[in-house]
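# Descriptive analysis of the structure
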Amino acid sequence: MKLRPTIWKTLLLPSVSFGVVFSVILYLFSQNALMAAAAFGASCATCVIIASIVNRHAETICARLRRQELRDRGAVGTGLYSQVMQEAFDLLNRSESEARIASNEKTKLEAAYHAADRKTSRMEETLNSLETPVLITDGKDELLFHNQAAIRLFGSDDQQSKKTQLSDIPALQQLVQETRTRKVATEHRSAEFEWAVDGAERAFRAKSKNISSQHGSSLGVVTVLEDIVDERLAKTRHAEFVSSVSHELKTPMAGIKAYIELLMDGDVEEPEEQQELFGYIDNQVDRLTRLVNNMLNLARIESGVIKITRKDYELNDVLRKAFEIVQPSAEDKNIRMVSELSDLYLPVHLDDDLFVQAIVNLLSNAVKYTPAGGEVRLQSQMEETTAVIKVQDSGMGIPADSLPHIFERFYRVPENNKAAAGTGLGLALVHYVSTDIHNGQISVESVIDQGSCFSITLPLGHRDQNQKKLRQQQLAGTPQ
Amino acid sequence: MSLRIVACDDEAHITRAISMKLTKAGFDVVTASDGQMGWELIQQEKPSLVISDLQMPRMDGLSLCRMIRSTPETAEIPFILLTAKGFGLDQDELISELKLSALAVKPFSPRELLKLVQETLGVTASLN
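Numbers given to residues run from 1 along each chain, matching the order in which its sequence is written. In the order they appear in the text, chains get letters beginning with A and ligands get numbers beginning with 1. In view of the model being predicted, local features appear only for residues whose pLDDT reaches at least 70, and side-chain atom pairs are presented and counted only at 80 or more, with totals across whole chains, interfaces and linings using the full set of residues. The side-chain numbers reported here are obtained from all heavy atoms of the structure, hydrogens and water having been left aside.

## Quick look at the overall build of chain A
In this description a helix means any DSSP run of H or I spanning at least four residues, a strand means any run of E spanning at least two, and both kinds are numbered starting from the N terminus. Summing up its helical and strand segments, chain A has 13 helices and 12 strands in all. Here chain A holds 480 residues, and 35% of them are scored as buried. In chain A, the proportion of contacts linking residues at least 24 apart, taken out of those at least 6 apart, comes to 60%. The Shrake-Rupley method, run with a 1.4 Å probe sphere, supplies the accessible areas, and residue values consider only the shown protein chains as cover. For chain A, the accessible surface area stands at approximately 29500 Å², while carbon and sulfur atoms represent 55% of it. Think of it in three bands: with a 1.4 Å probe and only protein chains considered, a residue is buried below 20% of the maximum accessible area for its type, exposed above 50%, and partly exposed in between. The contact criterion used is simple: two residues touch if any of their non-hydrogen atoms lie within 4.5 Å.

## Considering the interface of chain B and chain A
Counting from both sides, the interface comprises 24 residues of chain B and, opposite them, 28 residues of chain A. Reported buried area values correspond to the accessible surface (1.4 Å probe) lost by two parts on association, with both partners' losses combined. Carbon and sulfur atoms supply 55% of the area that chain B and chain A bury against each other, a total of about 2400 Å² over both sides. Looking at the side of chain B facing chain A, the largest losses of area belong to His-13, Met-20 and Pro-107 of chain B, adding up to 24% of the total buried there. For this document, the term salt bridge refers to a Lys or Arg side-chain nitrogen within 4 Å of an Asp or Glu carboxyl oxygen. Our count for the chain B to chain A interface comes out at eight salt bridges. Between Arg-111 of chain B and Glu-261 of chain A there is a salt bridge, with the nearest N and O atoms lying 3.7 Å from each other. We define a polar contact as two N or O atoms separated by no more than 3.5 Å, with the added condition that, inside protein, one atom must be a possible hydrogen donor and the other a possible acceptor, whereas residues neighbouring each other in sequence contribute only through side-chain atom pairs. At the surface where chain B touches chain A, the tally comes to 11 residue pairs in polar contact (both at pLDDT 80 or more). Listed by contribution, the elements that provide at least two residues to the side of chain B that touches chain A are α1 (12-24) and α5 (110-127) of chain B. Element by element, the count of residues in the side of chain B that touches chain A is highest for α1 of chain B, at eight residues. Three residue categories are used. Nonpolar comprises Ala, Val, Leu, Ile, Met, Phe, Trp, Tyr, Cys and Pro, charged comprises Asp, Glu, Lys and Arg, and polar comprises the others, including Gly. Class assignment for the residues of the side of chain B that touches chain A results in 12 nonpolar, four polar and eight charged.

## Focus on the nonpolar core
Residue and element names in this part refer to chain A. Leu-315, Phe-355, Ile-359, Leu-363, Leu-378, Ile-389 and Ile-406 are the most contacted members of the largest nonpolar core, which totals 51 residues. Element by element, the count of residues in this core is highest for helix α10 (residues 352-368), at 10 residues. Segmentation into domains, and thus their bounds, comes from an automatic or database assignment. Two domains each donate at least three residues to this core, and these are domain 3 (233-301) and domain 4 (308-468). Residues in contact with Ile-406, not counting those within four places in the same chain, are Ile-398, Tyr-411, Val-413, Leu-427, Val-444 and Phe-454. To form a nonpolar core, buried Ala, Val, Leu, Ile, Met, Phe, Trp, Tyr and Cys residues must be joined to one another through side-chain atoms within 4.5 Å.

## Overview of the pairing of strand β5 (residues 218-227) of chain A
Residues and elements named next belong to chain A. Relative to β5, strand β1 (residues 134-138) is paired through five bridges, and the arrangement is antiparallel. Among the inter-strand pairings, Thr-137 is bridged to a residue of β5, identified as Val-221. When DSSP finds two or more bridges between a pair of strands, those strands are recorded as paired. Strand direction decides the pairing type here: strand β4 (residues 200-212) and β5, joined by nine bridges, are antiparallel. What sits directly across from Ile-211, in β5, is Gly-220.

## Some points on the environment of Val-242 of chain A
Residue and element names in this part refer to chain A. Relative to the assigned elements, Val-242 resides in helix α7 (residues 229-264). Take Val-242: its relative accessible area is 36%, and that puts it in the partly exposed class. Between the C-alpha atom of Val-242 and that of Thr-423, which follows or precedes it by 181 residues, the distance is 8.1 Å.

## A few points about the sheet that holds β5 of chain A
Strand pairing in a sheet takes place through backbone hydrogen bonds and is either antiparallel or parallel in direction. All names here are of chain A. As summarised here, the arrangement of the five strands in space is β2-β1-β5-β4-β3, forming an open sheet in which the pairing is antiparallel. Unpaired on one side and paired on the other, β2 (143-146) and β3 (189-197) mark the two borders of the sheet. Each neighbouring strand pair of the sheet contributes to a mean axis angle of 25 degrees, computed without reference to strand direction. Helix axes are fitted only over the stretch in contact, all axes being lines through C-alpha atoms; the angle between N-to-C directions runs from 0 to 180 degrees. In the packing of helix α6 (residues 170-181) onto the sheet, the strands contacted are β1, β3, β4 and β5, and the crossing angle to β4 comes to about 10 degrees. Set on the sheet, α7 makes contact with β3, β4 and β5; between it and β4 the angle comes to about 120 degrees.

## Comments concerning the packing of helix α9 (residues 315-332) of chain A against α10 of chain A
All names here are of chain A. Relative to each other, α9 and α10 sit at 40 degrees, their axes nearing to 9 Å. By the angle between their axes, α9 is oblique relative to α10. At the point where α9 passes α10, the crossing takes the right-handed sense. When α9 is examined against α10, the residues Leu-315, Val-318, Leu-319, Lys-321, Ala-322, Phe-323, Ile-325, Val-326, Ser-329 and Ala-330 are found in contact with a partner set consisting of Asp-352, Phe-355, Val-356, Ile-359, Val-360, Leu-363, Ser-364 and Val-367. Grouping the amino acids of the contact of α9 with α10 by side-chain chemistry returns 14 nonpolar, two polar and two charged. These descriptions rest on fixed angle ranges, namely under 35 degrees for roughly parallel, over 145 for roughly antiparallel, 65 to 115 for roughly perpendicular, and the rest for oblique. Here a crossing is taken to be left-handed if its near helix is turned anticlockwise relative to the far helix by less than a right angle, and right-handed if that turn runs clockwise.

## With respect to the pattern of salt bridges
Inspection of the entire model under this criterion finds 29 salt bridges over all chains. The salt bridge partner of Asp-28 of chain B is Arg-4 of chain B, with a shortest N-O separation of 2.6 Å. Of this pair, Asp-28 of chain B sits in strand β2 (residues 28-32) while Arg-4 of chain B sits in strand β1 (residues 4-8), placing them 24 residues apart in sequence. Since its relative accessible area comes to 26%, Asp-28 of chain B is described here as partly exposed. Residues Asp-9 of chain B and Lys-106 of chain B are paired through a salt bridge, measuring 2.8 Å at the closest nitrogen-oxygen approach. You can see Asp-9 of chain B sitting in the loop between β1 and α1 and its partner Lys-106 of chain B sitting in the loop between β5 (102-105) and α5, a full 97 residues away along the chain. For the pair Asp-9 of chain B and Lys-106 of chain B, a shared accessibility class is recorded, and that class is buried. Taken together, the shared-partner salt bridges in this structure form one network comprising Glu-192, Glu-194, Arg-205, Glu-226, Glu-231, Arg-232 and Lys-235 of chain A.

## Some details on the sheet that holds β2 of chain B
Residue and element names in this part refer to chain B. With respect to topology, five strands assemble into an open sheet ordered β2-β1-β3-β4-β5, the strand pairing being parallel. Lying at the two open borders of the sheet, with one neighbouring strand each, are β2 and β5. For this sheet, the mean angle separating the axes of adjacent strands, direction not counted, is 20 degrees. Both β1 and β2 contribute to a ladder of five bridges, which runs parallel. When the bridges of β2 are listed, Val-6 appears paired with Val-30. Along the sheet, α1 makes contact with β1, β2, β3 (49-53) and β4 (79-83), crossing β2 at roughly 175 degrees.

## Some points on a nonpolar patch on the surface
Residue and element names in this part refer to chain A. The patch calculation keeps residues exceeding 30% relative accessible area without a salt bridge and links them within 9 Å when they carry like charges or within 5 Å when they are nonpolar (Val, Leu, Ile, Met, Phe, Trp, Tyr). A grouping of Val-16, Val-20, Val-21, Val-24, Ile-25, Tyr-27, Leu-28, Phe-29 and Phe-40 is seen on the molecular surface, where their side chains present a nonpolar patch of about 830 Å² in accessible area. A per-element tally of the nonpolar patch places helix α1 (residues 7-30) first, with eight residues. Positionally, Tyr-27 belongs in helix α1. Residue classification places Tyr-27 among the partly exposed residues on the basis of a relative accessible area of 37%.

What follows is the structure in structure tokens.
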């Protein structure tokens, strides 16, 4: 292969030759050998510097020269060499173009990947912020993802000892499996199951939906869990309520029907006894009315439709009215009713009907849960700016764990449920009437087998008097 | 000597109405205000028939009936159950399981109850 002479080689020979000739001439004219040697050295050094500068750009210049030369040859040549080189150049150009495209694609993919990653993170954060447990399982029913609410139930990977597997809950596992394998993927499936979480029995409703690919194959299942403990409790209480209402309505009706029939059949001959039965029928009709009123008032409270008419009364008058209503039923049960009303005038501003009904409810309960021979006491007293009403009995008492619930609608003390029938509405109404309507307070103290004491505290004062006092204060310029 | 009947109900007026109707018809009626008291009376009086309410304090009607059936001395006493429930009870199952003579739903007719008592005791008498 023939080598092209480099510029370096080209310049070195003439520069050395020029130096030799120049130094010989200088020596002949000056006869000074030192000057001739210096001239030779200077010429050589100058040539080396020029050569090195030129050489720095030599490769670039050569490449340009080679490329131009090849182009010229390719353009005019017809040999194998020129074809191969043309192909090589085309290939090189295509490679450079593809490399640029690939680089652009890579940048786009990286951007898309980051966007998808951010989207996934946002979705996970959203699912984690939900209070509802969400589980996502794969095509083999293995858990892919569960949000924070589900982690609180199932445990996490970090808590292997606590972690619950899908297989630990057969009903849930079956639901997920059936959802994944069913053909119609758009519909939900649901199942209810009980499961102990941290030792407490819980009930859930699981709803599952299949996630399918574009080709119809199952990618996995998303399952949402709904806590249904409260729903079940509400259903149970409602069923008990319906049963209780049935009993509470039918019992007085049974007495009324039986006595009317006895009177009609002439089974009661003595006029005094006949009067007694008429009196009983009258009482039972009142009892039915009170029950229906309790139900209607609570229904009105629930629907927000209740008309409250508050007027000025003397508290003891209102209490006496309630006392007289309950007294006959206490006598029937051989229970002594004691009235210990304050000698002081207790001015109150209240809805007579509702308040009497509340006190009747408290007294009726006291009679109901006190055994024969026991005692029920109604008291009133003044305490600074309030009036306090107490209903005390010598009955069976209320267990401590039931006390926080006794004013809830439909709640019935389990231990007392067998002792007497009831609807679980009476105390709910008492609470509402005492606190919400009359701005008072209600509390209860109870000792098992010794009795219970309900206390209602009401603000004292007639509205008219209060207004008069307020006007006088305003006129006198005194602050309230 | 008249036949003795024990009537149990926590509503005093119900036992009174039963007592008035049956006494007038010639029966000797003893009353109790709960299941426990009723069971003590039944053991003591050995009545010809028991009429009992379902929901009562201390011991309910079904428990009382089971107690009667599981005690040899009282196992054959006819039992009429009174109830205000009216639903949620499988009457046929109760009648066969506890050998109830009848189940009367409140509000009941004393006239009809008397008829039931007479039929029950008549059937029982003929069987004896």
